Amino acid sequence: MKKVGILGGTFDPPHLGHLLIANDVKHVLSLDEVWFMPNHIPPHKQSDSFTSSDLRLEMIKRAIEGQPYFQVQAIELEREGPSYTYDTILMLKENYPTVDFHFIIGADMVEYLPKWHKIEELVKLVKFVGVKRPGYSITTPLPVIEVETPQFEVSSTLIRQRIKEGRSSHYLVPENVRRMIEEKKLYE
């Protein structure tokens, strides 16, 4: 079976921390690919506080350009209504029956796993991978594979704030993403 990691998020914008996590998890767990899966943000919420799905998708494509084992999976953007990981994984398993999925989450999310929608069924469908972060322990009654990655203190929120303040995003996002942000005047 093909082993695929799924890294979800708003990716508003995608940054080097996302790529670092995806790359490390891919190599540590010997995954064949990592799919970047942008979250659906309902159209009524796509305002000044969120970049449109189309632009976020384009930024992800630019961020992973030239990496043959990184792909974009837009399944959540194509669906309407609330987006539960359980429903997404069911659809992915139906579309890709020969794939063994590994769902990558930060250590900060591990403690919330027991509260996820249909979590008992979900852990039977997908392996969870918890990426260690300072200040968080990966403690949960659920099965979670731990992967340690170098700490890179960057977030999409930090990048948006820096740009809003007129500061540089150099060395925080891939260069072609940085150029797109400048061309489209995102986050100003």
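Model, not experiment: these values are computed from the prediction. (Residues numbered from 1 in each chain as written. Predicted model: local features only at pLDDT ≥ 70, side-chain atom pairs only at ≥ 80, totals over all residues. Heavy atoms only, no water.)

Here we look at the sheet that holds strand β4 (residues 99–106)
So, step 1. Within the open sheet, the 6 strands sit side by side as β3-β2-β1-β4-β5-β6. Their pairing is parallel. The strands lining the two open edges of the sheet, one partner per strand, are β3 (70–72) and β6 (144–147). This sheet shows a mean twist of 30° between the axes of neighbouring strands, independent of strand direction.
So, step 2. The pairing of strand β1 (residues 2–9) with strand β2 (residues 33–38) spans 6 bridges and is classified as parallel. The residue bridging G5 from the neighbouring strand is V34, located in β2.
So, step 3. Contacting β1, β2, β3, β4, β5 (127–131) and β6, helix α1 (residues 16–28) crosses the sheet at an angle of about 145° to β2.
So, step 4. Contacting β1, β2 and β3, helix α2 (residues 53–64) runs over the sheet at an angle of about 165° to β3. (Pairing = 2+ DSSP bridges. Helix = DSSP H or I, 4+ residues; strand = E, 2+ residues; numbered from the N terminus. Axes fitted to C-alpha atoms, helices over the stretch in contact; angles between N-to-C directions. Contact = heavy atoms within 4.5 Å.)

Quick notes on the pairing of β2
Sheet faces and side chains relate simply in a regular strand, where the side chains alternate between the two faces.
So, step 1. Within β2, 6 of the 6 residues are buried, which leaves the element mostly enclosed by the surrounding structure.
So, step 2. The alternating pattern of β2 places E33, W35 and M37 and V34, F36 and P38 on opposite faces, both of which are buried.
So, step 3. The handedness of the β1 to β2 crossover, carried by α1, is right-handed.
So, step 4. In terms of strand pairing, β2 meets β3 through 3 bridges, oriented parallel. In the sheet register, W35 faces β3, and the bridge partner there is Q71. (Buried < 20%, exposed > 50% of the residue type's maximum accessible area, 1.4 Å probe, protein only. Right-handed = clockwise from strand over helix to strand, strands pointing away.)

Quick notes on the nonpolar core
So, step 1. Counting 24 residues, the largest nonpolar core has F103 and F128 as the members making the most contacts within it.
So, step 2. Of all elements in the fold, only β1, β2, α3 (85–95), β4, α4 (107–110) and α5 (119–125) reach the threshold of two or more residues within this core.
So, step 3. In contact with F128, not counting residues within four places along its chain, are F103, I105, L113, W116, I119, L122, V123, P143, V144 and I145.
So, step 4. In this structure, L29, I60, I104 and V131 belong to the second largest nonpolar core, which totals 16 residues. (Core = buried A, V, L, I, M, F, W, Y, C linked by side-chain atoms within 4.5 Å.)

So, the packing of aromatic side chains
So, step 1. One pass over the full model with this rule turns up 8 aromatic pairs.
So, step 2. Between W35 and F101, the aromatic rings sit 5.6 Å apart at their centres with planes inclined by 65°, giving edge-to-face as the arrangement. With W35 in strand β2 and F101 in strand β4, this residue pair connects regions lying 66 residues apart in the sequence.
So, step 3. What makes W35 buried here is its relative accessible area of 7%.
So, step 4. Accessibility expressed as a relative area gives 0% for F101, which makes it buried.
So, step 5. A cation over an aromatic ring shows up here: K26 above the ring of Y69, its NZ or CZ 4.8 Å from the ring centre. (Phe/Tyr/Trp six-rings, centres within 6.5 Å; stacked < 30°, edge-to-face > 60°. Lys NZ or Arg CZ within 6 Å of the ring centre and 35° of its normal.)

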